[in-house]
Amino acid sequence: MSEQHKIHTVVDIYGNTYKMVGTETSGHMRLVASIVDSKMREINALNPSLDQAKLAVLTASNAVHDYLKLKEQVE
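Definitions and cut-offs
- Residues numbered from 1 in each chain as written.
- Predicted model: local features only at pLDDT ≥ 70, side-chain atom pairs only at ≥ 80, totals over all residues.
- Heavy atoms only, no water.
- UniProt positions renumbered as here; feature names shortened; annotations may be inferred.
- Core = buried A, V, L, I, M, F, W, Y, C linked by side-chain atoms within 4.5 Å.
- Buried < 20%, exposed > 50% of the residue type's maximum accessible area, 1.4 Å probe, protein only.
- Helix = DSSP H or I, 4+ residues; strand = E, 2+ residues; numbered from the N terminus.
- Contact = heavy atoms within 4.5 Å.
- Salt bridge = Lys/Arg side-chain N within 4 Å of Asp/Glu carboxyl O.
- Polar contact = N/O pair within 3.5 Å; in protein donor to acceptor, adjacent residues only side chain to side chain.
- Axes fitted to C-alpha atoms, helices over the stretch in contact; angles between N-to-C directions.
- Parallel < 35°, antiparallel > 145°, perpendicular 65-115°, else oblique.
- Left-handed = near helix turned anticlockwise from the far one by under 90°.

- If you look the protein up in an unreviewed UniProt entry, it shows as Cell division protein ZapA from Planococcus antarcticus DSM 14505.
- Per UniProt, the protein carries the Subcellular location (unreviewed entry) text "Cytoplasm".

Overview of the nonpolar core
Now for step 1: Listed in full, the six residues of the largest apolar core are V11, I13, A33, M40, I43 and L55.
Now for step 2: For this core, the secondary-structure elements that each account for two or more residues are β1 (7–13) and α1 (26–46).
Now for step 3: No other element matches the three residues that α1 contributes to this core.
Now for step 4: Excluding residues that lie within four positions of it along the chain, A33 makes contacts with V11, I13 and M20.

Some thoughts on the pattern of salt bridges
Now for step 1: This structure, assessed with the given rule, holds two salt bridges.
Now for step 2: D37 is the salt-bridge partner of R41, the closest N and O atoms lying 3.0 Å from each other. Here the residue R41 and the residue D37 both occupy positions in helix α1, the gap between them amounting to four residues, near one helical turn.
Now for step 3: As a salt-bridge pair, E42 and K39 come within 3.5 Å of each other at their nearest N and O atoms. Here E42 pairs with K39, and both are found in helix α1, just three residues apart, close to one helical turn.

So, the side chain of D37
Now for step 1: According to the relative accessible area criterion, D37 is buried, its value standing at 14%.
Now for step 2: Separated by 2.5 Å, the side chain of D37 and the backbone nitrogen of Y14 make a polar contact.
Now for step 3: If we ignore the near neighbours within four places in the chain, the residues touching D37 are D12, I13, Y14 and G15.

Considering the packing of α1 against helix α2 (residues 52–74)
Now for step 1: Running from amino to carboxyl end, α1 crosses α2 at an angle of 115°, the nearest separation of the two axes being 9 Å. If you check the angle between α1 and α2, you find them roughly perpendicular. Between α1 and α2 the crossing geometry is right-handed. Across from V36, K39, M40, I43 and N44 in α1, the residues of α2 making contact are Q52, L55, A56, L58, T59, N62 and D66.

Right, here's the structure in full:
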(Lines give C-alpha, C1' and ligand atoms only; values in the text may rest on other atoms or scores of the structure.)
Protein backbone atom coordinates (compact mmCIF):
# COMPACT_ATOMS: atom_id res chain seq x y z
CA MET A 1 0.00 0.00 0.00
CA SER A 2 1.74 3.15 -1.13
CA GLU A 3 1.73 6.20 1.11
CA GLN A 4 -0.32 8.35 -1.30
CA HIS A 5 -3.21 5.86 -1.44
CA LYS A 6 -3.71 5.51 2.30
CA ILE A 7 -6.89 6.95 3.78
CA HIS A 8 -6.76 7.98 7.44
CA THR A 9 -10.00 7.95 9.44
CA VAL A 10 -10.73 8.36 13.15
CA VAL A 11 -13.52 6.11 14.44
CA ASP A 12 -15.14 5.30 17.77
CA ILE A 13 -15.68 1.69 18.77
CA TYR A 14 -17.22 0.87 22.13
CA GLY A 15 -16.16 4.17 23.65
CA ASN A 16 -12.60 4.05 22.37
CA THR A 17 -11.12 6.17 19.59
CA TYR A 18 -9.07 4.44 16.90
CA LYS A 19 -7.14 5.78 13.92
CA MET A 20 -7.84 3.52 10.96
CA VAL A 21 -5.60 3.53 7.89
CA GLY A 22 -6.46 1.74 4.67
CA THR A 23 -7.25 1.94 1.00
CA GLU A 24 -11.03 1.94 1.45
CA THR A 25 -13.05 5.13 1.74
CA SER A 26 -13.55 6.86 5.07
CA GLY A 27 -17.23 6.00 4.79
CA HIS A 28 -16.43 2.31 4.44
CA MET A 29 -14.11 2.36 7.46
CA ARG A 30 -16.74 4.21 9.50
CA LEU A 31 -19.34 1.61 8.49
CA VAL A 32 -17.03 -1.23 9.58
CA ALA A 33 -16.41 0.52 12.91
CA SER A 34 -20.13 1.10 13.39
CA ILE A 35 -20.93 -2.57 12.79
CA VAL A 36 -18.19 -3.69 15.20
CA ASP A 37 -19.46 -1.22 17.81
CA SER A 38 -23.04 -2.45 17.41
CA LYS A 39 -22.00 -6.10 17.66
CA MET A 40 -19.94 -5.42 20.80
CA ARG A 41 -22.90 -3.65 22.40
CA GLU A 42 -25.24 -6.48 21.41
CA ILE A 43 -22.95 -9.14 22.92
CA ASN A 44 -22.37 -7.01 26.03
CA ALA A 45 -26.13 -6.73 26.57
CA LEU A 46 -26.32 -10.54 26.64
CA ASN A 47 -23.30 -10.94 28.93
CA PRO A 48 -22.46 -7.72 30.79
CA SER A 49 -19.85 -9.42 33.00
CA LEU A 50 -17.34 -9.75 30.14
CA ASP A 51 -14.32 -7.47 30.33
CA GLN A 52 -13.52 -5.43 27.23
CA ALA A 53 -10.76 -7.75 25.97
CA LYS A 54 -12.98 -10.83 26.18
CA LEU A 55 -15.83 -8.91 24.60
CA ALA A 56 -13.56 -7.92 21.70
CA VAL A 57 -12.39 -11.52 21.17
CA LEU A 58 -15.95 -12.83 21.29
CA THR A 59 -17.03 -10.15 18.79
CA ALA A 60 -14.17 -11.08 16.45
CA SER A 61 -15.05 -14.78 16.77
CA ASN A 62 -18.66 -14.03 15.87
CA ALA A 63 -17.55 -11.96 12.87
CA VAL A 64 -15.34 -14.79 11.58
CA HIS A 65 -18.17 -17.27 12.13
CA ASP A 66 -20.53 -15.08 10.08
CA TYR A 67 -17.87 -14.68 7.38
CA LEU A 68 -17.31 -18.44 7.11
CA LYS A 69 -21.06 -19.12 6.90
CA LEU A 70 -21.43 -16.56 4.09
CA LYS A 71 -18.37 -17.93 2.28
CA GLU A 72 -19.86 -21.42 2.53
CA GLN A 73 -23.13 -20.19 1.01
CA VAL A 74 -21.35 -18.48 -1.88
CA GLU A 75 -19.26 -21.52 -2.70
